[in-house]
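Summary of structural features
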Amino acid sequence: VPVIRLESVQKSFTLPNGERFDAVRALSLDIHAGDIFGLIGKSGAGKSTLLRLINLLERPDAGRVVVGGRDLTTLSRAELRGTRQSLGMIFQQFNLIQNATVADNVAFPLKIHGHHSRAETKARVRECLELVGLESKIDSYPAQLSGGQKQRVAIARALAPRPQVLLCDEPTSALDSETTQELLATLRDINQQIGVTIVIVTHELPVVELLCRQVAILEQGELVEQFAVDAPPAQR
Ligand code: ADP
Ligand code: ADP
């Protein structure tokens, strides 16, 4: 069973002039556990909408979104909250809490879910910061960090609840090319170390070439091409 399955997913928006606009059209897609899956396409192709459909920030108008074998489109709000914990997400602009330390940013999702002891939370924070190589910044504030370091904190925060899948929405678009390469190497290491499935949306072709094992191309809300990248990047 794939960790994420989209079956004929449809999503339209109503435009200010009252017309309906199809952002995602009859899209079917399987993403397998442990994969690094790239979604590429021009601006407006529907990439972000697709990520929001996967973590159910958007509900599809038709079709099914299945995560970890559960059809999210049939779940109650309470059930959804549980399932969302199996999906971590990072963004182009990091979305860190500015007046909280790195440690508190990473602990934040654990405190929301509310069933972790202080010792457990502390251990998770440390473990996740180690995964991204940022233990030394545990007491810093976001403003004291570079862009690449901020995105690493965001990754650590997303991983803290131990999700099955890490959803990445244009994670390198605010970073220079050297920092981008370092961040991609970190994502690849994390995928190998803890086996988390990575789904990455980007308009930057080099990003998928360096990182991904499966690539899907979106055009005007449709999946127009999907291919496997032959060898894992480390062996190229
Ligand atoms: P991408 O991430 O590939 O740039 P998006 O998924 O953001 O594409 O958007 C796909 C299309 O859907 C765009 O034309 C966008 O304007 C439209 N769209 C996205 N969200 C909304 C919304 N909430 N209301 C109206 N139109 C939207
Ligand atoms: P438990 O929570 O059951 O005590 P452990 O702490 O021993 O489990 O970790 C279980 C597995 O999860 C280990 O193999 C560990 O490498 C892996 N793991 C550690 N951190 C993360 C993380 N942030 N996301 C996903 N898996 C992780």
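Residues numbered from 1 in each chain as written. Chains lettered and ligands numbered in written order. Predicted model: local features only at pLDDT ≥ 70, side-chain atom pairs only at ≥ 80, totals over all residues. Heavy atoms only, no water.

In the nomenclature of an unreviewed UniProt entry, the protein chain corresponds to Cell division ATP-binding protein FtsE from the organism Acidovorax soli. In its Sequence similarities (unreviewed entry) section, UniProt records this for the protein chain: "Belongs to the ABC transporter superfamily." Per UniProt, the protein chain carries the Function (unreviewed entry) text "Part of the ABC transporter FtsEX involved in cellular division. Important for assembly or stability of the septal ring." (UniProt positions renumbered as here; feature names shortened; annotations may be inferred.)

1. Side note on the site of ligand 1
As a structural note, the neighbourhood of ligand 1 is formed by Phe-13, Phe-21, Ala-23, Lys-42, Ser-43, Gly-44, Ala-45, Gly-46, Lys-47, Ser-48, Thr-49 and Arg-52. Here an oxygen atom of ligand 1 and a side-chain polar atom of Thr-49 are 2.6 Å apart. Here ligand 1, which alone exposes 560 Å², has 64% of that area covered by the protein. Contributions of two or more residues to the shell around ligand 1 are made by strand 2 (20-31) and helix 1 (47-54). A per-element tally of the shell around ligand 1 places helix 1 first, with four residues. Looking at the shell around ligand 1 residue by residue, the class counts come to four nonpolar, five polar and three charged. (Near = heavy atom within 4 Å. Polar contact = N/O pair within 3.5 Å; in protein donor to acceptor, adjacent residues only side chain to side chain. Areas by Shrake-Rupley, 256 points an atom, 1.4 Å probe, with all protein chains shown as cover. Helix = DSSP H or I, 4+ residues; strand = E, 2+ residues; numbered from the N terminus. Nonpolar A, V, L, I, M, F, W, Y, C, P; charged D, E, K, R; others polar.)

2. Considering the nonpolar core
Ranked by internal contacts, the top residues of the largest apolar core, which has 42 residues, are Val-106, Leu-129, Ile-155 and Leu-166. Per element, the largest residue contribution to this core is six residues, and it comes from helix 5 (residues 147-159). Grouped together as the second largest cluster of nonpolar side chains are 29 residues, Ile-4, Val-24, Leu-53 and Leu-72 included. (Core = buried A, V, L, I, M, F, W, Y, C linked by side-chain atoms within 4.5 Å. Buried < 20%, exposed > 50% of the residue type's maximum accessible area, 1.4 Å probe, protein only.)

3. Overview of the side chain of Thr-186
Along the chain, Thr-186 turns up in helix 6 (residues 177-194). Among all residues touching Thr-186, those that are not within four sequence positions of it are Leu-131, Val-132 and Arg-152. (Contact = heavy atoms within 4.5 Å.)

4. Quick look at the sheet that holds strand 4 (residues 62-67)
Taken in spatial order, the four strands make up an open sheet running 2-1-4-5, and their pairing is antiparallel. Two strands lie at the open edges of the sheet, namely strand 2 and strand 5 (70-71), each paired on one side alone. Bridge analysis of strand 1 (residues 4-14) against strand 2 gives eight bridges, and the strand direction is antiparallel. Pairing of Phe-13 across the sheet is with Phe-21, part of strand 2. Packing against the sheet, helix 1 makes contact with strand 1, strand 2 and strand 4, and its axis sits at approximately 120° to strand 1. (Pairing = 2+ DSSP bridges. Axes fitted to C-alpha atoms, helices over the stretch in contact; angles between N-to-C directions.)

5. Things to note about the site of ligand 2
Every residue near ligand 2 is listed here: Glu-127, Cys-128, Leu-131, Leu-159, Arg-162 and Ile-194. Glu-127 is positioned such that a nitrogen or oxygen atom in its side chain is 2.7 Å from a nitrogen atom of ligand 2. Here a nitrogen atom of ligand 2 and a backbone polar atom of Leu-159 are 3.0 Å apart. Surface burial for ligand 2 is 45%, taken as the share of its 570 Å² of free accessible area covered by protein chains. It is helix 4 (residues 118-131) that contributes the most residues to the shell around ligand 2, three residues altogether. Broken down by class, the residue content of the shell around ligand 2 amounts to four nonpolar, no polar and two charged.

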